[in-house]
2 protein chains.
Amino acid sequence: MNNLNIYKEKLRESGLRPTRQRLKICEALFSPKETFHFTINDLSKIIEEKLDEKISLATVYNTVHAFKKNGYLKEIVIATDKSYFDTNTGTHSHFFDIKNKELIDINQVDLKDIPNPPTGKKIKNIDVIINVESE
Amino acid sequence: MNNLNIYKEKLRESGLRPTRQRLKICEALFSPKETFHFTINDLSKIIEEKLDEKISLATVYNTVHAFKKNGYLKEIVIATDKSYFDTNTGTHSHFFDIKNKELIDINQVDLKDIPNPPTGKKIKNIDVIINVESE
DNA sequence: CAAGTAGTTTAGAATAATTATAAAGTAATT
DNA sequence: AATTACTTTATAATTATTCTAAACTACTTG
């Protein structure tokens, strides 16, 4: 129930001190029951509008990147004009609606055969994005 | 042998007049025997250094986008800081070396099962990117 | 618990890729 | 050859992101 300690733990794990601003970011990211996708701007707005705290963009960027580096967030590369993040850090794949720029989580999609990587390189992870559009 | 007409055809197909600048862009893109990956900046440098023509960035952007729209180029979304394009327009997948930001074409990777898209949406295409790193 | 110090926040500047603009130039049509 | 419509270009504008340095705050230690 007391998420506060969980947030502090995540921050500490990420090498960050628990400050008022960072705890608000945690609340926005980790208190919802459902995972979700967001851009830095989305997150910034959520915090301002729902949590009534105006945090400078630099802080939001820094914190999100620290969480990403520590595995508390994932980045999903689907557009070149903006970065998208996912609070669902489990292995999974995505539908991406090209028009609405909407992401939908799906279970991990397995490959029939995994190709051999070039010599000297090893596979780190595999991204599968199924692009869809309204018919 | 006379690629010129092929270039003109591609330009016409893309709704563009064959100008000196655009023909140089075609030469850079379509004369190499092997397909390749590039950013706008790469392409711009190739044209300047190898083809000895300085073309304004706006023209390069416009032409590349027209070719992309017409299927003569593909965009590969692997990084959020830059757009990558591929002169290989066939269906295929990629290895992506995270460190060097190097792309390597591979045959299309098939999925074990293709998930059902959300109702009202249909699958347009599937991107598979296998991220690798030097070991 | 009062410093001290090490990490933090912030506004605003800097950077970088991309897109928009509008004047001067060029291809195509007549 | 003249007209028209499309192009190129330099430059400005835009947008996301990163940097910076001064003001601020958490944490440690005496």
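Another aspect to go through is the packing of helix α1 (residues 3–13) of chain B against helix α2 (residues 20–30) of chain B. How two helices pack is summed up by the angle between their axes together with the distance between the axes. Residue and element names in this part refer to chain B. The contact between α1 and α2 brings their axes to 10 Å, and the two run at 110°. With respect to each other, α1 and α2 are oriented roughly perpendicular. Judged by residue contacts, Leu 4, Tyr 7, Lys 8, Lys 10 and Leu 11 of α1 engage Arg 22, Leu 23, Cys 26, Glu 27 and Phe 30 from α2. Split into classes, the residues belonging to the contact of α1 with α2 amount to six nonpolar, no polar and four charged.

Turning next to the protein's contact with DNA strand C. DNA strand C sits among 18 residues. The nearest are Arg 17, Thr 19, Gln 21 and Arg 22 of chain A together with Tyr 61 of chain B. When the atoms of DNA strand C within 4 Å of the protein are grouped by moiety, sugar and phosphate amount to 80% of the total. A distance of 2.8 Å separates a phosphate oxygen of DNA strand C from a polar backbone atom of Arg 17 of chain A. Mapped by element, the contributors of at least two residues to the surface near DNA strand C are α2 (20–30) and α4 (57–69) of chain A together with α4 (57–69) of chain B. Element by element, the count of residues in the surface near DNA strand C is highest for α4 of chain B, at three residues. Each residue belonging to the surface near DNA strand C can be placed in one class, and the counts come to six nonpolar, six polar and six charged.

Among the 19 residues in the neighbourhood of DNA strand D, the closest are listed as Tyr 61 and Ser 83 of chain A together with Arg 17, Thr 19 and Gln 21 of chain B. Those atoms of DNA strand D that come within 4 Å of the protein belong to sugar or phosphate at a rate of 78%. In this structure, a base nitrogen belonging to DNA strand D sits 3.3 Å away from a side-chain N or O atom of Arg 17 of chain A. Side-chain polar atom of Gln 21 of chain B to a sugar or linking oxygen of DNA strand D: 2.7 Å apart, as the coordinates give it. Examining the composition of the surface near DNA strand D, we find that three residues originate from one element, α4 of chain A, more than from any other. The residue makeup of the surface near DNA strand D, split by class, is six nonpolar, seven polar and six charged.

Let us look at the pairing of strand β4 (residues 92–97) of chain A. Consecutive residues of a regular strand have side chains that alternate between opposite faces of the sheet. Residues and elements named next belong to chain A. Burial runs high along β4: six of the six residues are buried. The alternating pattern of β4 places His 92, His 94 and Phe 96 and Ser 93, Phe 95 and Asp 97 on opposite faces, both of which are buried. Here β4 runs beside strand β5 (residues 102–107); their pairing, made up of six bridges, is antiparallel. Each bridged residue has a counterpart across the sheet, and for Asp 97 the counterpart in β5 is Glu 102. Hairpin connection of β4 to β5: four residues between the antiparallel strands, including Lys 101 at a positive phi of 55°. Alignment of β4 against strand β6 (residues 121–134), held across four bridges, turns out to be parallel.

Bringing the sheet that holds strand β2 (residues 74–76) of chain A into the picture now. The antiparallel open sheet is built from three strands, whose spatial order is β1-β3-β2 (chain A). Of all strands in the sheet, those with a lone pairing partner are β1 (37–38) and β2 of chain A, marking the two edges.

Before going further, it helps to examine the domain arrangement of chain A. In terms of domain boundaries, chain A breaks down into domain 1 (3–76) and domain 2 (93–132). When each unit is reduced to the centre of its C-alpha atoms, the spacing between domain 1 of chain A and domain 2 of chain A is 25 Å.

On to the pattern of salt bridges. Going through the model one piece at a time under the given rule, you end up with 14 salt bridges over all chains. Here Lys 101 of chain A and Asp 81 of chain A are joined by a salt bridge, their closest N and O atoms 3.0 Å apart. Taken together, the positions of Lys 101 of chain A in the loop between β4 and β5 and Asp 81 of chain A in the loop between β2 and β3 (84–86) put the pair 20 residues apart, joining distant regions of the chain. In this structure, Glu 102 of chain A and Lys 121 of chain B form a salt bridge, with 3.4 Å as the shortest nitrogen-oxygen distance. Remark: Lys 121 of chain B occurs in strand β6 (residues 121–134) and Glu 102 of chain A occurs in strand β5; the pair is interchain, linking two chains. Overlapping salt bridges, with partners in common, bring together Asp 97 and Glu 102 of chain A together with Lys 121 of chain B in one network.

Residue and element names in this part refer to chain A. Within the secondary structure layout, Asn 88 lies in the loop between β3 and β4. Overall, Asn 88 belongs to the buried group, its relative accessible area being 19%. Of the polar contacts made by the side chain of Asn 88, one reaches the side chain of Asp 105; its length is 3.0 Å. The contact partners of Asn 88, leaving out residues within four places of it in the chain, are Thr 35, Lys 74 and Asp 105.

Cut-offs used in this document
The written sequence of each chain sets the order in which its residues are numbered from 1. Here every chain gets a letter starting at A, and every ligand a number starting at 1, in the order they are written. Reporting of local features is limited, given that this is a predicted model, to residues whose pLDDT is at least 70; pairs of side-chain atoms are given and counted only at 80 or more, and all residues count toward the totals for whole chains, interfaces and linings. Remark: hydrogens and water are excluded; side-chain values derive from all non-hydrogen atoms of the structure. To define axes, lines are fitted to C-alpha atoms, for helices over the stretch in contact only, and angles between the resulting N-to-C directions are given on a 0 to 180 degree scale. Note on conventions: DSSP H or I runs of at least 4 residues are helices, E runs of at least 2 residues are strands, and numbering of each starts at the N terminus. Here is the rule for angles: anything less than 35 degrees is roughly parallel, anything more than 145 is roughly antiparallel, 65 through 115 is roughly perpendicular, and the remaining ranges are oblique. Pairs of residues are marked as contacts when any of their non-hydrogen atoms sit within 4.5 Å. Amino acids are sorted into nonpolar (Ala, Val, Leu, Ile, Met, Phe, Trp, Tyr, Cys and Pro), charged (Asp, Glu, Lys and Arg) and polar (every other residue, Gly among them). Residue proximity to a molecule or strand is established when one non-hydrogen atom of the residue lies within 4 Å of it. For this analysis, a polar contact is any N or O atom pair within 3.5 Å, provided that within protein one partner can donate a hydrogen and the other can accept it, and provided that sequence-adjacent residues contribute only side-chain to side-chain pairs. Think of it in three bands: residues with accessible area under 20% of the maximum for their type are buried, residues over 50% are exposed, and the middle band is partly exposed, with areas taken using a 1.4 Å probe on protein chains only. At least two bridges found by DSSP between two strands is the condition for calling them paired. Here the limits of each domain have been adopted from an automatic or database domain assignment. Throughout this description, the term salt bridge denotes a Lys or Arg side-chain nitrogen within 4 Å of a carboxyl oxygen of Asp or Glu.

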